[in-house]
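Survey of secondary and tertiary structure
Take a look at the letters that make up each chain.
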Amino acid sequence: NGPLVIAIDGPAASGKGTLAKRLALHYGLPHLDTGLLYRAVALTLIDEGTDLDDTAAAARAASALSAERLSDPRLRERAMGEAASRVSSVPEVRAALLSWQRRFAEGAEGAVLDGRDIGTVVCPEARVKLFIIAAPEERARRRHRELLGRGEETTLAAILADIRARDARDSSRAAAPLKAAEDAVVLDTTELDAEAAFAEAVAIVERLK
Ligand code: C5P
């Protein structure tokens, strides 16, 4: 039944990234954090001094994206999530990044991909689809802790506002909005720590793979 592809979607700071990384390690699969692709497109525009609303420039940046860009530490900054969310609503950007993501997912050894539209658009045939959710307040607390750990000073209120704005934008856009695939298993991590969430996710993968 072919290589194992695990598609993980969910809103910002839901815990999907951590889960994806751990599942990839556990099953010996390559992992792609697809949010980094959108963040890298945004960073390219910022570095060029191009307006984030310039859709033609965003499409060009997406087509020309190089793998080296994905390891730039600035991609993880708070402002970059917001900027990524803006360029990600451009259909030409999504189309350019789609082929990149598909190539990654179609590798012979299988793959774990996490993002917003993996189960619905990028890998609709994935054997395992997880949709990770958590209450916005809990997601804000997690992101706050993570940013503080990296020395980025922000307030919890600012992060919660970011998260709500990003949820609204990602869920309402016309091109590949954030939503659970019909055959996705929804996992709510509000009350779970990383360890418990991982155990639940492995149980789901074992059932479906
Ligand atoms: O997951 P992360 O916070 O890094 O994603 C940044 C932004 O990139 C998201 O808010 C979303 O707008 C966009 N994105 C997307 N599709 C994906 C992954 C990320 O639209 N598969």
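On a predicted model such as this, the values are computed, not experimentally measured, just so you know.

Judged by nonpolar contacts, the single largest core of 25 residues is most densely connected at Ile6, Ala7, Ile8, Val112, Leu113, Cys123 and Leu130. Secondary-structure elements contributing two or more residues to this core are β1 (5-9), α1 (16-27), β3 (111-115), α6 (118-122), β4 (128-133) and α9 (194-208). Core analysis: the second largest hydrophobic core is formed by 19 residues, Val41, Ala58, Leu75 and Val93 among them.

Next up on the list: the site of the ligand. The environment of the ligand is formed by 14 residues, the closest being Gly35, Tyr38, Ser85, Ser88 and Gly115. Mapped onto the shell around the ligand, the elements with two or more residues apiece are α2 (35-48), α4 (78-87) and α8 (156-172). Across the shell around the ligand, the residue classes tally to three nonpolar, six polar and five charged.

With that settled, consider the environment of methionine 80. Following the sequence through the fold, methionine 80 ends up in helix α4. Considered as a pair, methionine 80 and threonine 34 are 46 residues apart in the sequence and their alpha carbons are 14 Å apart. Beyond its immediate chain neighbours, meaning those up to four positions away, methionine 80 contacts Arg39, Ala42, Leu43, Arg74 and Leu75.

Mapped onto this numbering, the UniProt entry annotates "binding site: ATP" (unreviewed entry) at Gly10, Pro11, Ala12, Ala13, Ser14, Gly15, Lys16, Gly17 and Thr18. Structurally, the position occupied by alanine 13 is in the loop between β1 and α1. Judged by the 24 C-beta atoms lying within 10 Å of it, alanine 13 is buried. Those residues in contact with alanine 13, other than ones at most four positions away along the chain, are Arg139, Arg142, Arg143 and Ile163. Considering the arrangement of structural elements, one finds glycine 15 in the loop between β1 and α1. Excluding residues within four positions of it along the chain, glycine 15 makes contact with Ile132, Ala134, Thr189 and Ala197.

With parallel pairing, five strands are arranged side by side in an open sheet as β2-β3-β1-β4-β5. A single partner strand is all that each edge strand has here, and the edge strands are β2 (31-33) and β5 (185-188). Sheet twist, expressed as the mean angle between neighbouring strand axes with direction ignored, is 20 degrees. Examined bridge by bridge, β1 and β4 share four bridges and lie parallel to one another. Bridge assignment links isoleucine 6 to a residue of β4, and that residue is valine 128.

Turning our eyes to something else, we now look at the packing of α4 against α8. At a minimum axis separation of 10 Å, α4 and α8 run at an interaxial angle of 20 degrees. As judged from the angle between their axes, α4 and α8 are roughly parallel. Relative to α8, the crossing made by α4 is left-handed. Across the interface between the two elements, Arg78, Gly81, Glu82 and Ser85 of α4 pack against Asp162, Arg166, Arg169 and Asp170 of α8. When the residues that make up the contact of α4 with α8 are grouped by side-chain class, the tally is no nonpolar, two polar and six charged.

The rules behind these values
Residues numbered from 1 in each chain as written. Predicted model: local features only at pLDDT ≥ 70, side-chain atom pairs only at ≥ 80, totals over all residues. Core = buried A, V, L, I, M, F, W, Y, C linked by C-beta atoms within 7 Å. Buried ≥ 20, exposed ≤ 12 C-beta atoms within 10 Å, placed from the backbone. Helix = DSSP H or I, 4+ residues; strand = E, 2+ residues; numbered from the N terminus. Near = placed C-beta within 6 Å. Nonpolar A, V, L, I, M, F, W, Y, C, P; charged D, E, K, R; others polar. Contact = placed C-beta atoms within 7 Å. UniProt positions renumbered as here; feature names shortened; annotations may be inferred. Pairing = 2+ DSSP bridges. Axes fitted to C-alpha atoms, helices over the stretch in contact; angles between N-to-C directions. Parallel < 35°, antiparallel > 145°, perpendicular 65-115°, else oblique. Left-handed = near helix turned anticlockwise from the far one by under 90°.

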